[in-house]
Amino acid sequence: MKKLINDPADVVSEALLGMEAAHPDRLRVDHENRIVYRKEAPRSGKVGLISGGGAGHEPMHGGFVGLGMLDAACAGEVFTSPVPDQMMAATKAVDAGAGVLHIVKNYTGDVMNFEMAAELAAADAGTEVLSVVTDDDVAVQDSLYTAGRRGVGVTVLLEKIVGAAAEEGRPLQEVADLAKRVNDNGRSMGMALTSCTVPAAGKPTFELAENEMEVGIGIHGEPGRHRLPLAPAKEIAAMLLDPVLGDLPYSKGDSVIAFMNGMGGTPLIELYLMYNEVAQLLDRAGITVARSLVGNYITSLEMAGCSITLLKVDDELVRLWDAPVNTPGLRWGA
Amino acid sequence: MGVDDFANWLRDLAKTLHENAAYLTELDSAIGDADHGSNMDRGFTAVVAVLDESSFESVDELLKKAGMTLVSKVGGASGPLYGTFFLRFGTALAGVEVTPASVGEALKAGVGGILARGKAELGDKTMYDAWAPALEAYDAAVAGGSDLAGALGAAAEAAAKGRDATTPLVARKGRASYLGERSAGHQDPGATSTTLLLESAARTLA
């Protein structure tokens, strides 16, 4: 393992110290509970937006705390969901009387811990909590007999769009309904060229030969659905986009936000190259790209690879997407 | 059989999980996200710290505190699942004499908590695949007149068989389920840590 760290056990707490030091104007951090707060939270009359999950996906979620996105983010250990104590503390702290929405990615641990936290916050402080579970990954078959699909790239788009709606002062139920609508209209698929190394484990989670790639990976270094020979970018783009397009019937004339995400170890030159392929494929399918986002936003430590997310949008969603945002990880119009 | 015996069990379990942390993480790397060993180690290290700092009047108080500590320190799926197990296990032993029969009822209550949180069924390739045969073997041993150590020994043996039987299964719960067919051929890390828990209990609650 070759990483810029001191002790594997201190990676998350030391990164949070750095984050607070780097963004004193926008963030404050509760180091004991490992919660990143928007500096001015809670804001009277505004629904509180909280997300969280294992560390290792930076800038998600701490990097999306700020104006127009989240009020707080709870950091777990690397790839391990946070605990109910953290989420309950964050929930109570950001509740300004309008209630709190939990944005949860669909992983068993995240779902269970957030459920416990919502129960505890309601019992302890009477906080009204609703939650949305993101599950946009088409690599995973959804059925009654599985944990369901993973929540991946759509979570970033959801936090931005729903963040804008909360900023407008919309009530909790409306914000939660919007969150569900965003999730229902988004689909993602990812691939990896290399594994990441979890600091506490000290070695790569899986081994890939020079001429191999994993298709259908998630964001936790878990192996993918298939191991295939490495292919040109053009073929990989089709391999990722076809199942996305096929899953949610996007039809000719539909508008989407197209999100080409890097897994942490892929340079922007390759992400833009991949975006070019995706944009051409979408054009050929008659789908209009209303807005696009290219970069490392929901990562898997230093894993090389990418994921594509499409979110079907209407004028309202585009307007909310364009609304001002000022966070360490995403900023425009503010 | 009292507070000290159960505290010894938790200490022995913490030591066992520490020694097996790399092994559990290795199993988790194959089909999950490579954190089960470090998470269990972190959780039970915290439990031992609590044992060192506090004294407990009763077995149920000790076990409930261990459960709360795991929920508060571990995260992921194993925190709520093992935490809930110890909470319910302890609650069931409140005001009750520790006997093979009462521990059997408490184990059932604990595993009921795991099922309520995790919603797993037999054959999903989870820790429940070790717990289910363990409960059955425990009851059979008690019915046959076995003492606590004997019943826990039988439970641990059955758990190990259940753990081994997870290898060919395709996972239907947790992160391993995201691999679909590719999860087959790997032993489940949760069923493995459950087996370590019962083996430790059989060793120390004698």
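Calculation criteria
Residues numbered from 1 in each chain as written. Chains lettered and ligands numbered in written order. Predicted model: local features only at pLDDT ≥ 70, side-chain atom pairs only at ≥ 80, totals over all residues. Heavy atoms only, no water. Pairing = 2+ DSSP bridges. Helix = DSSP H or I, 4+ residues; strand = E, 2+ residues; numbered from the N terminus. Axes fitted to C-alpha atoms, helices over the stretch in contact; angles between N-to-C directions. Contact = heavy atoms within 4.5 Å. UniProt positions renumbered as here; feature names shortened; annotations may be inferred. Parallel < 35°, antiparallel > 145°, perpendicular 65-115°, else oblique. Left-handed = near helix turned anticlockwise from the far one by under 90°. Nonpolar A, V, L, I, M, F, W, Y, C, P; charged D, E, K, R; others polar. Buried < 20%, exposed > 50% of the residue type's maximum accessible area, 1.4 Å probe, protein only. Core = buried A, V, L, I, M, F, W, Y, C linked by side-chain atoms within 4.5 Å. Polar contact = N/O pair within 3.5 Å; in protein donor to acceptor, adjacent residues only side chain to side chain. Buried area = accessible area lost by both parts, 1.4 Å probe. Salt bridge = Lys/Arg side-chain N within 4 Å of Asp/Glu carboxyl O. Domains from an automatic or database assignment. Expected span 1.5 Å × (residues − 1).

Student: Lay out the sheet that holds strand S3 (residues 48-55) of chain A with the relevant residues and their values.
Tutor: All names here are of chain A. If you walk across this open sheet you meet the six strands as S1-S2-S4-S3-S5-S6, and the pairing is mixed. The strands lining the two open edges of the sheet, one partner per strand, are strand S1 (27-30) and strand S6 (129-134). Ignoring which end each strand starts from, the neighbouring axes of this sheet average 20° apart. Where strand S5 (residues 100-105) lies against S6, six bridges are found, and the strand directions are parallel. If you follow lysine 105 over to S6, its bridge partner there is threonine 134. Against the sheet, helix H4 (residues 154-167) engages strand S2 (35-38), S3, S5 and S6, with an angle of about 170° to S5.

Student: Residue-level account of the UniProt feature "domain: DhaL" (unreviewed entry) in chain B, with values.
Tutor: UniProt records the feature "domain: DhaL" (unreviewed entry) for residues 4-203 of chain B in the present numbering. As annotated, residues 4-203 of chain B has a helix share of 72% and a strand share of 0%, and its two end C-alpha atoms lie 14 Å apart.

Student: Give a detailed account of the packing of helix H6 (residues 233-247) of chain A against helix H7 (residues 268-284) of chain A, specifying residues and quantitative values.
Tutor: Residues and elements named next belong to chain A. Relative to each other, H6 and H7 sit at 50°, their axes nearing to 9 Å. In terms of axis orientation, H6 runs oblique to H7. Crossing of H6 against H7: the hand is right-handed. Between H6 and H7, the contacting residues are Ala233, Lys234, Ile236, Ala237, Ala238, Leu240, Leu241 and Leu245 on the first element and Leu273, Met274, Glu277, Val278, Leu281 and Leu282 on the second. Tallied by class, the residues present in the contact of H6 with H7 amount to twelve nonpolar, no polar and two charged.

Student: Talk me through the pairing of strand S7 (residues 186-192) of chain A; I want residue IDs and the actual numbers.
Tutor: Residue and element names in this part refer to chain A. Summarising burial for S7: seven of the seven residues are buried, a large majority. By the bridge criterion, seven bridges tie S7 to strand S12 (residues 305-312) in an arrangement that is antiparallel. The partner of methionine 189 across the bridge, within S12, is isoleucine 308. Pairing geometry for S7 and strand S8 (residues 212-215), over two bridges, is antiparallel. Counterpart to alanine 192 in the pairing with S8 is glutamate 214.

Student: Give a detailed account of the nonpolar core, specifying residues and quantitative values.
Tutor: One finds Leu49, Phe64, Leu101, Ile161, Val162 and Leu311 of chain A to be the most contacted residues of the largest nonpolar core, which totals 66 residues. At nine residues, the largest contribution of residues to this core is made by H4 of chain A. Every residue in contact with isoleucine 161 of chain A, bar those within four places of it in the chain, is listed here: Leu178, Val182, Ile257, Leu311, Leu317, Leu320 and Trp321 of chain A. Membership of the second largest hydrophobic core comes to 57 residues, among which are Met112 of chain A together with Leu81, Phe85 and Ala151 of chain B.

Student: Now, about the side chain of serine 51 of chain A: what can you tell me, with residues and values included?
Tutor: Residues and elements named next belong to chain A. By secondary structure assignment, the location of serine 51 is in strand S3. According to the relative accessible area criterion, serine 51 is buried, its value standing at 0%. Here glutamate 159 takes part through its side chain, which lies 3.2 Å from a polar atom of the side chain of serine 51.

Student: Please provide a residue-by-residue account of the interface of chain A and chain B, values included.
Tutor: If you look at the interface, chain A gives 40 residues, while chain B gives 32 residues. Summing both sides of the interface, chain A and chain B together bury roughly 2,700 Å²; the carbon and sulfur share of this comes to 53%. On the surface where chain A and chain B come into contact, there are three salt bridges. Between aspartate 110 of chain A and arginine 175 of chain B there is a salt bridge; the shortest N-O distance is 3.7 Å.

Student: Before we move on, can you summarise the pattern of salt bridges with the specific residues and values?
Tutor: For the structure shown, the criterion picks out 36 salt bridges over all chains. The partner of aspartate 52 of chain B in a salt bridge is arginine 11 of chain B, and the shortest N-O contact between them spans 2.9 Å. Of the two residues, aspartate 52 of chain B is situated in helix H3 (residues 36-53) and arginine 11 of chain B in helix H1 (residues 3-19); the sequence distance between them amounts to 41 residues. Note on arginine 11 of chain B: relative accessible area 33%, which makes it partly exposed. Through salt bridges with shared partners, a single network forms among Glu168, Arg170, Glu174, Arg181, Asp314, Glu316 and Arg319 of chain A.

Student: Before we move on, can you summarise the domain arrangement of chain A with the specific residues and values?
Tutor: Residue and element names in this part refer to chain A. Under the domain assignment, chain A is made up of domain 1 (11-185) and domain 2 (186-332). A C-alpha centroid distance of 21 Å is found between domain 1 and domain 2. In this complex, domain 1 contributes 46 residues to the contact, which on the side of domain 2 involves 49 residues. Summing both sides of the interface, domain 1 and domain 2 together bury roughly 3,800 Å²; the carbon and sulfur share of this comes to 63%. Taken together, the connections running from domain 1 to domain 2 amount to six salt bridges. Between arginine 170 and glutamate 316 there is a salt bridge whose closest N-O contact spans 3.1 Å. Here domain 1 is connected to domain 2 by 29 residue pairs in polar contact (both at pLDDT 80 or more). For the side of domain 1 that touches domain 2, the secondary-structure elements that each account for two or more residues are H4 and helix H5 (172-184). Among the elements that make up the side of domain 1 that touches domain 2, the one with the highest residue count is H4 (seven residues). By residue class, the composition of the side of domain 1 that touches domain 2 is 23 nonpolar, eleven polar and twelve charged.

Student: Outline helix H3 (residues 108-125) of chain A, supporting the account with residue identities and numerical values.
Tutor: Each α-helix winds once per 3.6 residues, and so residues spaced three or four apart point in a common direction. With 18 residues, H3 of chain A should reach 26 Å at 1.5 Å per residue; the first-to-last C-alpha distance of 26 Å fits that figure. Those residues of H3 of chain A that sit buried are Gly109, Asp110, Met112, Asn113, Phe114, Met116, Ala117 and Ala121 of chain A. Where H3 of chain A is buried, its residues contact S3, helix H2 (84-94) and S5 of chain A together with helix H4 (59-73), helix H5 (78-92) and helix H6 (100-118) of chain B. Positive backbone phi, approximately 70°, marks glycine 126 of chain A, located one or two places after H3 of chain A.

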